[in-house]
Amino acid sequence: SAARAMEASRFPFTPIPIQTDDEIHLPEGYGWQVLARWGDPLFSDAEGYDVAEGGPVEHSDRVFGENTDGMETFSYRGHQLIAINHEYTNRKINLPAGQEGTPASEGDVRKLQNLQGVTVMEVREGEKGWEVVRDSPFNRRIHHNTPMKLVGPAAGHDLLKTDADPTGTAALGTLNNCGSGRTPWGTYLTCEENFNGYFGATGEIDVAGPVQAGFERYGIGADGWGYDYHKWDARFDVSANPNEPHRAGWVVEIDPTDPDSTPVKHTGLGRFKHENAEVVLAADGRVVVYMGDDERGEFLYRFVSNGVYRPGGSTEGLLDDGTLSVARFDEDGTGEWLALTPESTGMEAAEILIFARMAGSAVGATTMDRPEWISANPHAVEAYCCLTNNKNRGVKPNAGGDETPANGPNPRETNRYGQIVRWRPHDDDHAADTFDWDLYVMAGNPEVYDNAYGGSENITPGNMFNSPDGMAFDSAGLVWIQTDGDDSNEGEFAGQGNNQMLAGDPVTGEIARFMTGPNGCEVTGLAWSADRRSMFVGIQHPGGSWPDGTGLPRSSVIVVKRADNGLIG
Ligand code: FEO
Ligand code: CA
Ligand code: CA
Ligand code: CA
C-alpha cells in the first residue's frame, strides 16, 4: 500500500519525518555541509571579519551577505560560479547590542546596505568538499549603492529622474533581492521585492496624483520598516527625493562572468514586489518571463518579447521590448493573459510599467494569495506558482488595492496553508494568451481538519507542510518545494514541524519530504552544480546558533550530496 506506492514513486529517497530541532535533516544516504555563511570573507582583505555584534562596517562589502535567498549556478570556462541574493538584514543582530536594531550612525546604515544585494562567487569541489574560491576574479558584491543602468520603455521618464540623476537612466543599488532567474544567454536575474521598506521621510511628503496613489499602493510612507536609511542617507528620504522609490521594484540583470559589468534594471518587466523571474522560450523563440508580485491580493504577470532569441545573437531589448500582461483566472478552469496597454488601462505607456499594480487593477486581473516563486516544467509546457498564504481575505491590501475575495485558484476564505497553482498554455505555447489551470496541491492539515483546510488529496499526515514559497524543477522533472511558514508545530500547524523542502511528482501529484531545516529558518533558494551531483540550498533567518552551535545564528548556503556521489536532480 503506502510502502508499495513509495517504491513505485520516482523519488530517489525515503521520505523523512518532521523535526523541531536546530539541525538539518536529510534522508538516509544523503549528507550536507555549509558552503558560505553570512560574514564569510570573499576576499582575503576581509579575513577575520567577525559577525559578533554584527561585524564592522569595514569590509562589510567584501564578505558573503546576510539572509541568502534566490540563486543560480553558471559554468564559465571551467569555473563554477554562483550568483546569489541577500534579501534583507536582521537589524538586531547586525547592529551593536543595546541599539535594538536601530542605526545610530551613517556607518551603521552603510553596513546594512553592504550586507544586502547580491554575491557572485566562484566555488569549487575538492577533497574536503565544496569551498568558496577566495579572491577569485569572479567574486563580486553588489549592494545598495552599486551603480546600475535603467533601460527599457520607462527609462528616462520624468518619474525616474532625481536631482542626482537628471537623466532617469542611472540608479544606485538593488534592494530586497528575493527570488532569482536566469536567461537563456547566461545572465542572472535578481528580483527586487519589499523595496518600499527602506524608504522614509524626514519632512513632509509632498506628492500628488499618480505618485501619491503609487506610494499608497506600494506601501511607501514616512516611517519605513526600521532601517532608518532616510535619517542618514538623503537618497532614501522621500520628502527630499520622491522619485527615488520609482527606481526600485524592478528585475535586474547581472552578467556573472564579468565583475566589471554594470547591472541593468529592466523597466519592460514592470515595477512591483518581484518574487522571481522564470524565463522560458515561446514556440517561435520569443522570450517569456513569468513573475509573481508577493503581496496579498496582488497579481501574476507575464512578459513576452517582440524579438526572438537566437543563440549567439543580439539579446538587446529581449527583456524590455514586448508586452506585459496580468493573469485572469476564470472559475471554469481556463484563464487569460490580459495585455497592459494604453488602450486597456487608460494609462500612459511608461506609467503602466512604473505603476504596474494599478494597470493590473484597471484590466481586472485576478487577485491572488501572495504569488511567490514560479517554475516551469522542463518536460511539459506548464508552469507552477506558489501562492503562499493569505490571512486577510477581503481586506484591501493597500489603499487603491482591490477586494480580495476567495476565487478559483485561491479558494479558501482564511488561507493559512497556501497552495500551488499550475497553468498549461493553450497550443503548448507559453506565448498563447489563454490557458487551462488547476491546483497542483492545496496544503493543509488533515489531522486537524476534514474539510478544505485538510488540504488536497496529495496531502497526508506524512508529508504535510504550510506556506510553499521557493520552487524549482530539476532536470529529471521533479518539482522541489521549499517552505516559509509557521514552524510552531502547534494548533493548526501541529505535525508540520520546521520549514522544509519536499519533492513533487508533477504527473502523479505525489509529494515527499526530503529535508527539514533548523527551527526558525525559512528554506529558500535552490540550484545545482554543473555535474548535478550537488544541490545548493539556502537557509534564511535560522534560529538558535545554527550552523556554528555557538554565537549568533548565521544564514548560510549548504551543499547537499548523496553519499555515493550519485546524481541529485
Ligand atoms: Fe522574499 Fe516573497 O519572498
Ligand atoms: Ca520567498
Ligand atoms: Ca514567503
Ligand atoms: Ca524571506
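Residues numbered from 1 in each chain as written. Chains lettered and ligands numbered in written order. Predicted model: local features only at pLDDT ≥ 70, side-chain atom pairs only at ≥ 80, totals over all residues.

Going by what an unreviewed UniProt entry lists, the protein is known as Transcriptional initiation protein Tat and is assigned to Cribrihabitans marinus.

Draft legend 1. Seen up close, the overall build of the protein. From N to C terminus, the protein includes eight helices and 28 strands. A compact globule built from 569 residues would reach a C-alpha radius of gyration of about 25 Å, and the protein, at 22 Å, matches this within 12%. For the protein, the spread of C-alpha atoms along the three principal axes comes to 65 × 60 × 50 Å. Counting every position in the protein, which comprises 569 residues, the buried fraction comes to 54%. (Helix = DSSP H or I, 4+ residues; strand = E, 2+ residues; numbered from the N terminus. Rg over C-alpha atoms; globule rule 2.2 N^0.38 Å. Buried ≥ 20, exposed ≤ 12 C-beta atoms within 10 Å, placed from the backbone.)

Draft legend 2. Structural context of unusual backbone geometry. Look at the link from Trp-546 to Pro-547: it is a cis peptide, with omega at 0°. For Asp-228, which is not glycine, the phi dihedral falls at a positive 55°. Structurally, Asp-228 is set in the loop between helix H4 (209-218) and helix H5 (229-232). If you check the backbone angles, Arg-532 has positive phi at about 55° while not being a glycine. Relative to the helices and strands, Arg-532 resides in the loop between strand S26 (522-528) and strand S27 (534-540).

Draft legend 3. Region of the structure containing the pairing of strand S25 (residues 511-516). Of all the six residues making up S25, six are buried; the element is thus mostly covered by neighbouring parts of the structure. The pairing of strand S24 (residues 500-504) with S25 spans five bridges and is antiparallel. Looking at the pairing, Gln-500 lines up with Thr-516 of S25. Counted between consecutive antiparallel strands, the loop separating S24 from S25 contains six residues, among which Gly-509 sits at a positive phi close to 85°. (Pairing = 2+ DSSP bridges.)

Draft legend 4. Up close: the confidence of the model for the protein. Residues with a pLDDT of 70 or more make up 98% of the protein, whose mean pLDDT is 96. This model gives residues 1-6 a pLDDT under 50, and the stretch forms zero contacts once residues within four places in sequence are excluded. Of the two predicted TM-score estimates for the complex, the pTM is 0.97 and the ipTM is 0.98. (pLDDT = per-residue confidence, 0-100. Contact = placed C-beta atoms within 7 Å.)

Draft legend 5. How the structure looks around the sheet that holds strand S22 (residues 468-473). Pairing is antiparallel in the open sheet, where four strands are placed in the order S22-S23-S24-S25. Taken across any chain shown, the strands that pair with only one partner, and hence form the sheet edges, are S22 and S25. Direction aside, the axes of adjacent strands within the sheet are offset by 25° on average. Sheet topology note: the S22/strand S23 (residues 479-483) ladder contains four bridges and is antiparallel. Residue pairing for S23: Phe-473 is matched across the bridge by Val-479. (Axes fitted to C-alpha atoms, helices over the stretch in contact; angles between N-to-C directions.)

Draft legend 6. Inspection of the environment of Pro-446 at higher detail. Tracing the chain through its elements places Pro-446 in the loop between strand S21 (434-442) and S22. Apart from the residues lying within four places of it in its own chain, the contact partners of Pro-446 are Gly-454, Gly-455, Ile-459, Thr-460, Pro-461 and Met-464.

Draft legend 7. Layout of the sheet that holds strand S11 (residues 251-254). If you walk across this open sheet you meet the six strands as S8-S7-S12-S11-S10-S9, and the pairing is mixed. Pairing within the sheet leaves two strands with one partner each, and these edge strands are strand S8 (170-172) and strand S9 (177-182). Averaged over all pairs of adjacent strands, the angle between strand axes in this sheet comes to 35°, irrespective of strand direction.

Draft legend 8. Up close: the environment of Pro-96. Along the chain, the position of Pro-96 falls in the loop between helix H2 (91-94) and helix H3 (106-114). The class of Pro-96 is exposed, set by 11 C-beta atoms lying within 10 Å. When the C-alpha atoms of Pro-96 and Gly-54 are compared, they prove to be 6.7 Å apart, with 42 residues separating the residues in sequence. Each residue touching Pro-96, except ones within four places of it in the same chain, is listed here: Glu-53 and Gly-54.

Draft legend 9. Structural detail: the pairing of strand S10 (residues 188-192). The element S10 is largely enclosed, with a buried count of five among its five residues. Neither face of S10 is open: one carries Tyr-188, Thr-190 and Glu-192, the other Leu-189 and Cys-191, and all of them are buried. Bridge count for S9 against S10 is four bridges, and the pairing is antiparallel. Its bridge partner being in S10, Asn-177 is matched across the sheet by Glu-192. Counting the residues between successive antiparallel strands, the hairpin from S9 to S10 contains five residues, one of them, Gly-186, with a positive phi of roughly 85°.

Draft legend 10. Quick look at H3. H3 sits mainly inside the fold: seven of its nine residues count as buried. Taken together, the buried positions of H3 are occupied by Asp-108, Val-109, Arg-110, Lys-111, Leu-112, Gln-113 and Asn-114.

Draft legend 11. Up close: H4. Of all the residues in H4, the buried ones are Val-211, Gly-214, Phe-215, Arg-217 and Tyr-218. Directly beyond the C-terminal end of H4, a positive phi value near 75° is found at Gly-219.

Draft legend 12. Structural detail: the environment of Phe-215. Inspection of the secondary structure assignment puts Phe-215 in helix H4. The spacing of Phe-215 and Tyr-384 is 169 residues in sequence and 30 Å in space, taken between C-alpha atoms. Each residue touching Phe-215, except ones within four places of it in the same chain, is listed here: Val-207, Ile-220 and Gly-221.

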